[in-house]
Each structure stands twice: as structure tokens, then as C-alpha cells.
Amino acid sequence: MKKQFSILASAVICLGLLPAYSQSGPPGGPHLGGATGKLFGDNQAFSAGLEMQTTDDSSNNIIIPGKISFDTGKSRFEFNLTDMKGGQMPTNAAAQMKSMGLDEMVAVTRPDKKVNYLIYPGLQSYVEMPLRKADSAPTNGDFKVEITEIGKETVDGHRCVKNKYIVTDNEDVKHESTVWNATDLKKFAVKIQTTESGGDVTMLFKNVSLARPAASLFDPPADFKKYDNIQQL
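Residues numbered from 1 in each chain as written. Predicted model: local features only at pLDDT ≥ 70, side-chain atom pairs only at ≥ 80, totals over all residues. Heavy atoms only, no water.

1. Some points on the pairing of strand S7 (residues 144–155)
Phase 1: With 11 bridges joining them, S7 and strand S8 (residues 158–168) adopt antiparallel strand pairing. Residue Thr154 lies in a different strand from S8, and its bridge partner there is Arg159.
Phase 2: Once S7 ends, the chain turns through 2 residues before running back antiparallel as S8, passing Asp156 with a positive phi of about 50 degrees. (Pairing = 2+ DSSP bridges. Helix = DSSP H or I, 4+ residues; strand = E, 2+ residues; numbered from the N terminus.)

Here you go:
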């Protein structure tokens, strides 16, 4: 079991973009609430394909494809570790995780409940973890948003206005991002680039639907077994 847990930990660390792995368990998915949620403007409910790109400590490019659902701060990110490209995935780790039922993962962030759910469909189980303070701030909270146009570009077939966003939270912390707002998609942010822990992080949204996702997507299945941390699972 210790060997299997080590494989899981190594693979999660390789995700890079997600918050750092800790003893309390693996990370959640991309946090789109709080200050980040303000980058979506009036588009506070949507679903889309999401390709996340970042770099690890060795400057290796990491690409993580998945599917995102978002509703006013709540987010759900579905991904499979075997689809990840780049990084330092240990040899045969993906195959071993698949055989253990740990390859398919769903990360749900609930600022309203101040929790993260990391769901493993292959094990019919999930881990519930407390949400860190920075990610529990509601999207409709007291934020100041400054937007400056810096150009026009086409992204994935969408004509976009390229903007610099500076979002200042109620603790006077500034969050700076470059956002490509699609003119044919109600100014939806089809591409977001920011800097996390000294490295560039890019989120590219594809096949966007502005319909509100089903509320059930943001809760773990009722028949799945709950664990308080990954060690228990």
C-alpha cells in the first residue's frame, strides 16, 4: 500500500498547476472562484473543455486536458492522469494507477461549503478536504477589477480582445492576469494566463456552453464512500 500511495503522490505532484501536495491529501482542481471568478465577468455559469498548461520545477511543459463545469464560484474538473503530457511521471505510474482505479479523478471545489471533494469514480469513493481561505472567498465578494485592453488576437477560432486584468481583493492583494475575451461568445474568457509560484499558467477553454450546469455535478455521488484523507482511502 505504501508503494501505491507513493505512485499516487508522485503523479499528483507532476500536475504542477494544482496546489502543492501535502500530508492532508492530494490537491483539488483549478480554483475558479474568488478573484479568479471575476475574470469571467457576467459569465458565471458555464461548462467547457479545459486544457491547462504549466511548467514544473525543471521547466518541463505540462499539459492537462479535462472538462470543467462552473457555477458562481463552484467548480468541477474531470480529468484522467493518463491523458497528461509532459512532466516527470514515473515510469509505468500511469498504468499502475489505472489498474488501481486511481487514474480517473474529479475535483470539486465548493466555496459555499468551504470544502474540496476529490472523487475517484473507479473506486466509488471520495476524499473531503477543507478549502483554504484564499479559495473560499465568494466570487461576488468585495473585489476591485481594473481592465486594460492590450490588443486583439484570434484564439481557437474566436476573435478576442486581449485584456490585462488586475483584481484586488478585500485584503488589498492584487491578482494580475492576461485574458482573451471572445467577442462572439459574450466576452467569455476563452484563454487566461497568469503566474503562479513564479511559473506561467495558461487555461484554454474549448467548446464552451453558457448553459448552467446541473447542480448535482458539484456534489459527490450519494452512494460513494467518504474518506477524510487520502491515507484512509
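There's more to say after this.
2. Re the side chain of Thr109
Phase 1: Tracing the backbone through its elements, the reader meets Thr109 in strand S4 (residues 104–110).
Phase 2: If we ignore the near neighbours within four places in the chain, the residues touching Thr109 are His31, Gly73, Lys74, Ser75, Val115, Asn116 and Leu131. (Contact = heavy atoms within 4.5 Å.)

3. Re the pairing of strand S6 (residues 125–130)
Phase 1: Bridging between strand S5 (residues 115–120) and S6 involves 6 bridges; their strand directions are antiparallel. Opposite Ile119, over in S6, you have Tyr126 as the bridge partner.
Phase 2: Adjacent in sequence and paired antiparallel, S5 and S6 are bridged by 4 residues, among which Gln124 carries a positive phi angle near 50 degrees.
Phase 3: Taken together, the 3 bridges between S6 and strand S12 (residues 225–227) define a ladder with parallel strand orientation. Within S12, the position partnered with Tyr126 by the bridge is Lys226.

4. A look at the nonpolar core
Phase 1: Judged by nonpolar contacts, the single largest core of 44 residues is most densely connected at Phe40, Phe46, Ile68, Phe188, Val190, Ile192 and Phe205.
Phase 2: Not counting residues up to four positions away in its chain, the partners in contact with Val190 are Val155, His158, Cys160, Trp180, Ala182, Leu185, Met203, Leu204 and Phe205.
Phase 3: Within the second largest apolar cluster, 8 residues are counted, among which are Val106, Val115, Tyr117 and Phe218. (Core = buried A, V, L, I, M, F, W, Y, C linked by side-chain atoms within 4.5 Å. Buried < 20%, exposed > 50% of the residue type's maximum accessible area, 1.4 Å probe, protein only.)

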